[in-house]
Amino acid sequence: MAAVAEGLEPETAAVEDAAGAVTDAVDARLGAPPLLAGNRLSLDLHPRGCHRLLHLCAQQVRQLLEVEFLQLSGHEDPQLLQATLARLPWSLPRLRSLVLKGGQHRDALGACLRGSLATLPAILSGLAHLAHLDLSFNSLETLPACVPQLCGLDALLLSHNCLSELPEALGALAALTFLAATHNHLRTLPTALGSLSSLQRLDLSENLLDALPPEIGGLSSLAELNLASNRLQGLPASLAGLRSLRFLVLHSNLLASVPAGLARLPLLARLDLRDNQLRDVPPELLDAPFVRLQGNPLGGPSPDPHSPPGTPVVPEMPRLLLTSDLDSFAVTSLGCSVTLACGVRLQFPVGATATPVTIRYRLWLPEPRLVPLGPHDSLLSGVLELQPHGVAFQKDVGLWLLFVPPRARRCREVVVRTLSDNSWSDLETHLEEEAPKRLWAHCQVPHFSWFFVVSRPVSDACLVPPEGTLLCSSGHPGVKVTFPPGATEEPRHARMQVVRVGSRELPALLGEPEAAASPLLYLSQSGPPSFLRPVTVQLPLPPGVTGLSLDRSHLHLLYRAPPAATWDDITAQVALELTHLYARFQVTRFSWYWLWYTTKTCVGGLARKAWERLRLHHVSLIALQRRRDPEQVLLQCLPRNKVDSTLRRLLERYRGPEPSDTVEMFEGEKFFAAFERGINVDADRPDCVEGRVCFVFYSHLKNLKEVYVTTALDRRAQAVRGQVSFYRGEVPEEVPEEAEAARQKRGADAPWMATLPLKLPRLRGSKGPGQGAGLSLAPLNLGDAETGFLTQSNLLNVAGRLGPDWPAVALHLGLPYRELQRIRHEFRDDLDGQIRHMLFSWAERQAGQPGAVGLLVEALEQSDRRDVAEEVRAVLELGRRKYQEGIQRTSLAPGDLGPPGSSASQSPEPAQT
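If you check an unreviewed UniProt entry, the protein appears there as p53-induced death domain-containing protein 1 from Delphinapterus leucas. The heading Subunit (unreviewed entry) in the UniProt record of the protein holds the text "Forms a complex named the PIDDosome with CASP2 and CRADD. Forms a complex with IKBKG and RIPK1. Interacts with FADD and MADD."

And the structure:
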């Protein structure tokens, strides 16, 4: 049997056949799109793709012989993937495009995961017609030996792997016109690379190259060369021999000079030399309009005329400005000043590192495991990760983080929090105000880790020596701690935080107008848990109470020992010394202390409720649907005082029900939104569990997410009236059914917070099953009779395949960088929303414009997505063929119609994918 030939036992093959048959039956029952459409077989987004392909091979489906485009996921089981690939030369003999990309799966924070593909079977060299091979986002450490034997290969994509070198055998690919190996670990290039005389585009950005072989000048057909974000310190003079070169990108390297011959390249239209160390540039390039030189210390520093002769000139510090597509940069002993695309600034002083270091950064969405907060802390920024972790710099690096100004500043301070030696600590932070609502938190860091900005109660600290000392609060002068001599044998650090309490909070809770409380006091220290001698603590008496008039039976000293949330009344256990304004008592252990004045006798439980109220935020929940696309739902948790202004801004583009009633939430509290009554989340998201979208509430950040929803109900008959409910806590492992959730809403300690109605309008027109389930946009027929048409369904298919490559496609489509930033901002937590909005807004602007489809195909190719470009061409060809056959059937034209693309009096029937 064929199963034995491919390395599988007959029993295993029978199981695979049965599993494939069941899967196909389920797909047919659910109306799933066909896997095999024309000459294209797409299995990368389907679970068990290799099993499905083996099932098709075992069934000897004749259509396999016509397949030219195959897509498989790199996340398949490695052994099964190797066995499946070994079948391709016999089962798919006409294969022209093979895509084995990883990246379809994401981690908990949305980052693309590499596939498991580490090699290819040698028998793949028998794919005689293969012209396009995409192995991106995998785990390749060396190039598989079969690749250089694919003599007909036209495009080879190796980006986002772990390659440290390319083999000399690569020079055998005489037909290769495009090679991409970005985001690898390449340190050198093979000399045989210069023999690729047909190569037109070469992208080696984001690697570790420090030099280029002179043979690179032999690439006679090369039109585009991208070497950005490497470690290049020089360029070979042979680059001046690339007479076909039009685009040369060299930004973010360590270049000190460039060959003068570059200025004489006849076709050169763009030369990007930004953010290098250039001091001397040929005059012909210095004034050329196509050359970009920002971020270079051109001309070098001028010597000080007052300096003695022979005094060395201190070089000017390089300046780097990173765009959003760059996540790394190089630092040398000269230091540099760096501004990241997210607004973060870094300054590496001269001598901070003795050897060149590549710095990488990443922004993380805040969540409790990454953001440890104290009971009265507030988060003011996202989380910045700087790598490599733990590498100590010889001089401290300056770090500036942009943050949201806190609403309450009295007796509070802003600090940068970081992870150091497996524990979180706060750095000495200075604030710099650039504008009324644009503040920077500036600190010095000795090494890299995670960083974020928090607002906390003012912290006062001191070193306690054996001789004793006094610690006073800077925000509350009446709060003091006196350490007597002999309280400690070894010096230890002590810290104090004081939290203000509103004068109306306690009377409202207790229903007692005369009730009052002192500020909250938190004391902590390093060293043994207890002091050797009692320490004296002074607290001001509650407002309106004096030592001469109070009733001591109404005075309560409360104590809380973390992590317990309970407060204990310790008044009877300590000796309270009262003055006219203050109360003093002695302790040997540090924790939380609170002084109450009330007629209540059992105040421990009341203190817990009052303490929780101090930390609660009053918020409202909103759910709005986009006016032009009701399937796009905006969910947000807003502080009560921001609801009206936010709705005024949003209601131009969105509509929906009134906000929920006021809800109380803690800083960093988790909650989730559950779509109910026939409405479900339309796409897999890293923040979605079983159709429930997870949130974490941070009072100063935008707790906003936009999701696409769908329904299994028939919208052709009537509109679907569903709802979204918000629940406290993490998403449970077993999500309850709607009826059970409704019962939970009525419970005493119900997690339910609010329910808001949603409506998906009735679909107009007679759309078949599976059509119209996507975006409710105006019908689109992108293109013209000359180049062909793409429908809304075709564009949705393209959008579903772009993934993280969409910004590159957008820029090649001509969208300005500012619009990309706006789209990223509007759809911060929704990658699918970013892609769809970009593609459909561009398509709407192109409606009726000739050549629009050609622009899209060209942009896909320039963005290294030739796989999608080939699919679009196949769709266009299928549509044109259907159109010609329709004309022949109706006798509107003779049987020998012209070639595809010839003019016609009618629009061709769009092909559906």
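Don't stop here, the text continues.
Peer 1: When you look at the sheet that holds strand β27 (residues 469-472) in this model, what are you seeing that I'm missing?
Peer 2: Sheet strands associate in pairs through backbone hydrogen bonding, adopting either a parallel or an antiparallel arrangement. As summarised here, the arrangement of the 5 strands in space is β27-β28-β32-β36-β35, forming an open sheet in which the pairing is antiparallel. In this open sheet, the two strands that pair with only one neighbour each are β27 and β35 (577-578). Bridge count for strand β28 (residues 480-483) against strand β32 (residues 535-540) is 3 bridges, and the pairing is antiparallel. Each bridged residue has a counterpart across the sheet, and for K480 the counterpart in β32 is Q538.

Peer 1: What am I meant to see in the nonpolar core here?
Peer 2: In summary, soluble globular proteins display a tendency toward joint burial of nonpolar side chains. Counting residues in each nonpolar core, the largest one holds 75 residues, and the members touching the most others are L70, L88, L156 and L158. Of all elements in the fold, only α3 (49-58) and α4 (78-85) reach the threshold of two or more residues within this core. No other element matches the 5 residues that α3 contributes to this core. Excluding its chain neighbours within four sequence positions, the residues that come into contact with L158 are L135, S136, L140, L143, L163, L166, L179, A180, A181, T182 and N184. The next biggest cluster of nonpolar side chains, apart from the first, holds 32 residues, and it includes V481, L539, F585 and Y593.

Peer 1: For this particular structure, what's the right way to read a positive patch on the surface?
Peer 2: Residues R407, K642, R649, K702 and R828 make up a contiguous surface patch of positive charge. The class for K642 is partly exposed, based on a relative accessible area of 35%.

Peer 1: Explain unusual backbone geometry here, please?
Peer 2: With the exception of glycine, the majority of residues adopt a negative phi angle, and the majority of peptide bonds are in the trans configuration. Along the chain, Q387 connects to P388 via a cis peptide bond; the corresponding omega equals 10°. Here P388 lies in the loop between β19 (383-387) and β20 (397-403). Each neighbour pair has its own omega, and for P562 with P563 the value is 5°, a cis peptide bond. Mapped onto the secondary structure, P563 falls in the loop between β33 (555-560) and β34 (568-569). The backbone of F137 shows a phi angle near 55°, a positive value even though the residue is not glycine. Position of F137 among the secondary structure elements: in the loop between β5 (132-134) and β6 (155-157). Positive phi outside glycine occurs at R677, with the angle close to 60°. Residue position: R677 is located in the loop between β42 (670-676) and β43 (679-681).

Cut-off values and rules
- Residues numbered from 1 in each chain as written.
- Predicted model: local features only at pLDDT ≥ 70, side-chain atom pairs only at ≥ 80, totals over all residues.
- Heavy atoms only, no water.
- UniProt positions renumbered as here; feature names shortened; annotations may be inferred.
- Pairing = 2+ DSSP bridges.
- Helix = DSSP H or I, 4+ residues; strand = E, 2+ residues; numbered from the N terminus.
- Core = buried A, V, L, I, M, F, W, Y, C linked by side-chain atoms within 4.5 Å.
- Buried < 20%, exposed > 50% of the residue type's maximum accessible area, 1.4 Å probe, protein only.
- Contact = heavy atoms within 4.5 Å.
- Patch = residues over 30% accessible without salt bridge, like charges linked within 9 Å, V, L, I, M, F, W, Y side chains within 5 Å.
- Areas by Shrake-Rupley, 256 points an atom, 1.4 Å probe, with all protein chains shown as cover.
- Salt bridge = Lys/Arg side-chain N within 4 Å of Asp/Glu carboxyl O.
- Lys, Arg positive; Asp, Glu negative; His and termini not counted.
- Charge placed at Lys NZ, Arg CZ, Asp CG, Glu CD.

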